[in-house]
Amino acid sequence: MSDSFSLYSPDFPNDYCGRFAPSPSGHLHLGSLFTAYAAYWRSLEQHGTFLIRIEDLDFPRCPRPNIPLLCQELQLFGLHSDKKVRVQSEHLGEYHRSIQTLLSNDFAYFCTCTRAQSKEQPCTCWLSNKQARIRTKITLDPDTPHSCKVNITPYLESEELQSFTDANLGVVRQSDLEHSLNPYLTLERADGIIAYNLAVVIDDIEQEITEVVRGADMLDATFLQLPLYELDSVEPPVFCHIPLITDSSGRKLSKQNHAPAVFADYTPRTSTLLCLQLLQESVYHELLQQEDVVTLLQDLEQCEESLTALITDEVSTTLQKKLKAQLRKLAPKEKDEALALLTPTGLTNMLLLVATQAQQAEQAAQREDDYFLDEYDDDDEWADEDDGASSSDSGRENWPQVYYEGIATGTYGPWSKLLALWSRALGEASWQQAQELTATYYALLTRLHTEVIGPHFQVHALPKKPIVL
Ligand code: GLU
């Protein structure tokens, strides 16, 4: 690797800024939480900033109501963004401007290849347009679907981009990749969706990300993204790819592979410990020998048990009845997904979530903020709904769209209703106790992350091979 293109800067001369950039396609699964913790602990270790960015440009896969649900789940598992969460769909203008610049600089071109043709290389549009590139859509038949691409062949073939130094994997070569890279890189799809590779580079530059910690399934993408930094004459961040968690047949945990939601099976304490053990085995064992860490974990566990104890059989039956009644409105697939969250752990997590939400709503009210969920308030129909009584759909059409979709895509339902349901089911004293326990729990969890794990995080101790769960 030439000195003039040195990617790896372990000293981070500028302030460290890391990020976690999930796509809101559904509930968090262990694979994504694992990456999120790695990125978060690394930024704590570097005393840096940690940002959460929502990558929702593939709109059909990422319904908007999933965004608050995902952010709330991340918060439940102890992850907060140090600055306002950036949502990609709110920055379409920036991506389009960048495409315009690449078009006017003659780097980008319009492509009318079908999906099958796109697999053939070189791209026939690039060839046919080589002499006189189609720079404006005027030269295209308006009815012909077309994408916008850039030919990065010269970059991929350049000496500098044959390899890069990864903070975890060391030198990674293009020739190590399983597949050859398609150098005709899509910037905007024929259906108008901005391509991930373009958006992610623009965002990482815009947010001044110094290190990208992400899953090793993104290695190919890294090689495709490096040329975009070159095109922009911007120094890329450091990359740190962490291994994937796979199921026993070697498949990556993902929504497509029906990975179970962490919400149903792990509390914030147990998911933290499991991911720490998988990511930093030696650190994990070392920390568990320290008396103050053991005490902290015991306190967390006790807090969790006390919260769970508040959900007596009677409370659980009432809640399940009400929640299931609400779920009747969902499509079968959504209903199954939602029902799968109603485990004993899922209920404890839900209690943690609603109690946190109640506290945040109260704090916002004290600051006289507009609490963002208030606008979705309705009458009390939801909390009062009886199992068996057919839930009247009348009025549903009057609900704000997000309110309705929020119910349709998660078990949580509208927060005000969920708060009412839980506080009523628990009774005043227990509800009060739940809020106190939740505040204590999060204070302990924050200490576990910021004072214990973060400072002990070691990049060199990260695993390099896929982890079979
Ligand atoms: N949004 C991508 C995903 O959820 C992550 C991309 C990245 O970290 O660059 O898989």
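All residue numbers refer to positions counted from 1 along the written sequence of the respective chain. A pLDDT threshold of at least 70 governs which residues receive local features in this predicted model, and a stricter bar of 80 or more applies before side-chain atom pairs are shown or counted, although totals over entire chains, interfaces and linings include all residues. Neither water nor hydrogens contribute to the side-chain values; these are computed over all heavy atoms in the structure.

> Could you give me a rundown of the overall build of the chain, with the residues and numbers involved?
When its secondary structure is counted, the chain shows 19 helices and 12 strands. When a residue's accessible area, from a 1.4 Å probe over protein chains only, is under 20% of the maximum for its type it is buried; when over 50% it is exposed; and in between it is partly exposed. Taking all 469 residues of the chain together, the buried fraction comes to 53%. Of the contacts made within the chain by residues no fewer than 6 positions apart, 83% connect residues no fewer than 24 positions apart. Accessible areas in this description were obtained via Shrake-Rupley with a 1.4 Å probe; residue shielding takes into account the shown protein chains only. Counting only carbon and sulfur atoms, one obtains 50% of the accessible surface of the chain, whose full area is about 22000 Å². Strands are runs of DSSP state E lasting at least two residues, helices are runs of H or I lasting at least four, and both sets are numbered from the N terminus onward. Residue contacts are counted whenever heavy atoms from the two residues lie within 4.5 Å of one another.

> Tell me about unusual backbone geometry, and name the residues and values.
Phi is positive for Glu 208, close to 55°, though the residue is something other than glycine. Structurally, Glu 208 is set in the loop between helix H7 (196-206) and strand S9 (211-215). Residue Glu 208 is classed as exposed on the basis of its relative accessible area, which comes to 61%. The backbone of Ser 233 sits at a positive phi, close to 55°, despite the residue not being glycine. Here Ser 233 shows up in the loop between helix H8 (219-231) and strand S10 (238-242).

> Mind laying out the site of the ligand, listing which residues take part and the relevant values?
Close to the ligand lie Arg 19, Ala 21, Pro 22, Ser 23, Glu 55, Tyr 196, Val 200, Arg 214 and Met 218. Between the ligand and the protein, one listed contact pairs a nitrogen atom with a backbone N or O atom of Ala 21 at 2.8 Å. Contacts to the ligand include Arg 214, whose side-chain N or O atom sits 2.8 Å from an oxygen atom. Residues belonging to the shell around the ligand are distributed by class as follows: 5 nonpolar, 1 polar and 3 charged. Each residue is tested against the molecule or strand, and it is near if at least one of its non-hydrogen atoms lies within 4 Å. We define a polar contact as two N or O atoms separated by no more than 3.5 Å, with the added condition that, inside protein, one atom must be a possible hydrogen donor and the other a possible acceptor, whereas residues neighbouring each other in sequence contribute only through side-chain atom pairs. Put simply, Ala, Val, Leu, Ile, Met, Phe, Trp, Tyr, Cys and Pro go in the nonpolar bin, Asp, Glu, Lys and Arg in the charged bin, and everything else, Gly too, in the polar bin.

> A description of the sheet that holds strand S1 (residues 17-20) should follow, citing residues and the corresponding values.
Taken in spatial order, the 3 strands line up as S1-S2-S3 in an open sheet, and their pairing is parallel. With one partner strand each, in any of the chains shown, S1 and strand S3 (86-87) form the two edges of the open sheet. Only the stretch in contact is used when fitting a helix axis, every axis being a line fitted to C-alpha atoms; angles between N-to-C directions are given from 0 to 180 degrees. On the sheet, helix H1 (residues 30-45) packs against S1 and strand S2 (49-54) and is oriented at approximately 150° with respect to S2. Any two strands with at least two DSSP bridges between them are considered paired.

> Summarise the packing of aromatic side chains; cite the residues concerned and give the values.
In summary, the pairing rule links any two rings of Phe, Tyr or Trp, Trp by its six-membered ring, whose centres are within 6.5 Å, and it sorts them by plane angle into stacked for under 30 degrees, edge-to-face for over 60 and tilted for everything else. Going through the model one piece at a time under the given rule, you end up with 5 aromatic pairs. By the ring-pair criterion, three or more aromatic residues cluster together here, those being Phe 164, Phe 223 and Phe 239.

> Outline the pairing of strand S4 (residues 108-111), listing residues and values.
Of the two faces of S4, the one holding Ala 108 and Phe 110 and the one holding Tyr 109 and Cys 111 are both buried throughout. Here S4 runs beside strand S5 (residues 147-151); their pairing, made up of 4 bridges, is antiparallel. Counted as the bridge partner of Ala 108 is Val 150 from S5.

> Would you mind going over the packing of H1 against helix H19 (residues 428-456) in detail, with residue names and values included?
At a closest axis distance of 8 Å, the pairing of H1 and H19 adopts a crossing angle of 85°. Taken together, the axis directions place H1 and H19 in an arrangement best described as roughly perpendicular. Between H1, through Tyr 37, Tyr 40, Trp 41, Leu 44 and Glu 45, and H19, the contact on the second element is made entirely by His 449, Thr 450, Ile 453 and Gly 454. Counted by class, the contact of H1 with H19 contains 5 nonpolar, 3 polar and 1 charged residues. To sort the angles, those under 35 degrees are grouped as roughly parallel, those over 145 as roughly antiparallel, those from 65 to 115 as roughly perpendicular, and the leftovers as oblique.

> Break down the sheet that holds S5 for me, with residues and values.
Across the sheet, which stays open at both edges, the 3 strands sit in the order S4-S5-S8 with antiparallel pairing between neighbours. A single partner strand is all that each edge strand has here, and the edge strands are S4 and strand S8 (184-188). Neighbour-to-neighbour, the strand axes of the sheet open up by a mean angle of 40°, direction not taken into account.

> Account for the side chain of Asn 151, with residues named and values stated.
By the element assignment, Asn 151 lies in strand S5. Among the polar contacts made by the side chain of Asn 151, one reaches the side chain of Thr 153 at a distance of 2.5 Å. Among residues more than four places away in sequence, those in contact with Asn 151 are Phe 107, Tyr 109, Trp 126, Pro 183 and Tyr 184.

> Could you give me a rundown of the confidence of the model for the chain, with the residues and numbers involved?
Per-residue pLDDT for the chain averages 84, and the proportion of residues at 70 or more is 83%. One number per residue, pLDDT, summarises how confident the predictor is, and it ranges from 0 to 100. This stretch, residues 1-9, has a pLDDT under 50; its non-local contacts, to residues over four places away or in other chains, come to 22 contacts. Across residues 370-412 the pLDDT falls below 50, and counting only partners more than four positions away or on other chains, this stretch makes 88 contacts in the model.

> Before we move on, can you summarise the state of the cysteines with the specific residues and values?
The definition used for a disulfide is geometric: two cysteine sulfur atoms within 2.5 Å. Counted by the stated rule, this structure contains 0 disulfides. We note that Cys 113 lacks a disulfide partner, and the nearest cysteine sulfur, in Cys 111, lies 3.6 Å from it.

> How would you summarise helix H3 (residues 92-104) if you had to cite specific residues and measurements?
How far a helix is expected to stretch is found by multiplying one less than its residue total by 1.5 Å. In this model H3 runs 18 Å from its N-terminal to its C-terminal C-alpha over 13 residues, within 8% of the 18 Å that 1.5 Å per residue would give. Along H3, the residues classified as buried are Tyr 95, Ile 99, Leu 102 and Leu 103. The arc that holds the buried residues of H3, viewed along the axis, is 100°, so those residues lie on one side. Opposite the buried face of H3, at more than 90 degrees from it, the exposed residues are Arg 97 and Ser 104. By definition, the arc is the one covered by directions from the helix axis to the C-beta atoms.

> Got a sec to walk through the pattern of salt bridges? Specific residues and values, please.
Any Lys or Arg side-chain nitrogen located within 4 Å of an Asp or Glu carboxyl oxygen qualifies as a salt bridge. Scanning the entire structure with this criterion turns up 17 salt bridges. Across the pair Arg 86 and Glu 94 runs a salt bridge whose closest N-O atoms are separated by 3.0 Å. Salt bridges here are not isolated pairs; linked through shared partners, they connect Arg 19, Arg 53, Glu 55, Arg 86, Glu 94, Asp 203 and Asp 204.

> How would you explain the environment of Cys 303 if you had to name every residue and give the values?
Within the secondary structure, Cys 303 is located in helix H12 (residues 291-310). As for Cys 303 and Tyr 441, which are separated by 138 residues in sequence, their C-alpha atoms are 6.1 Å apart. Ignoring sequence-local partners within four residues, the contact set of Cys 303 consists of Leu 437, Thr 440 and Tyr 441.

> So, the side chain of Gln 320: which residues are in play, and what are the values?
Note that Gln 320 resides in helix H13 (residues 313-327). Leave out the neighbours within four places in its chain, and Gln 320 touches Leu 342 and Leu 347.

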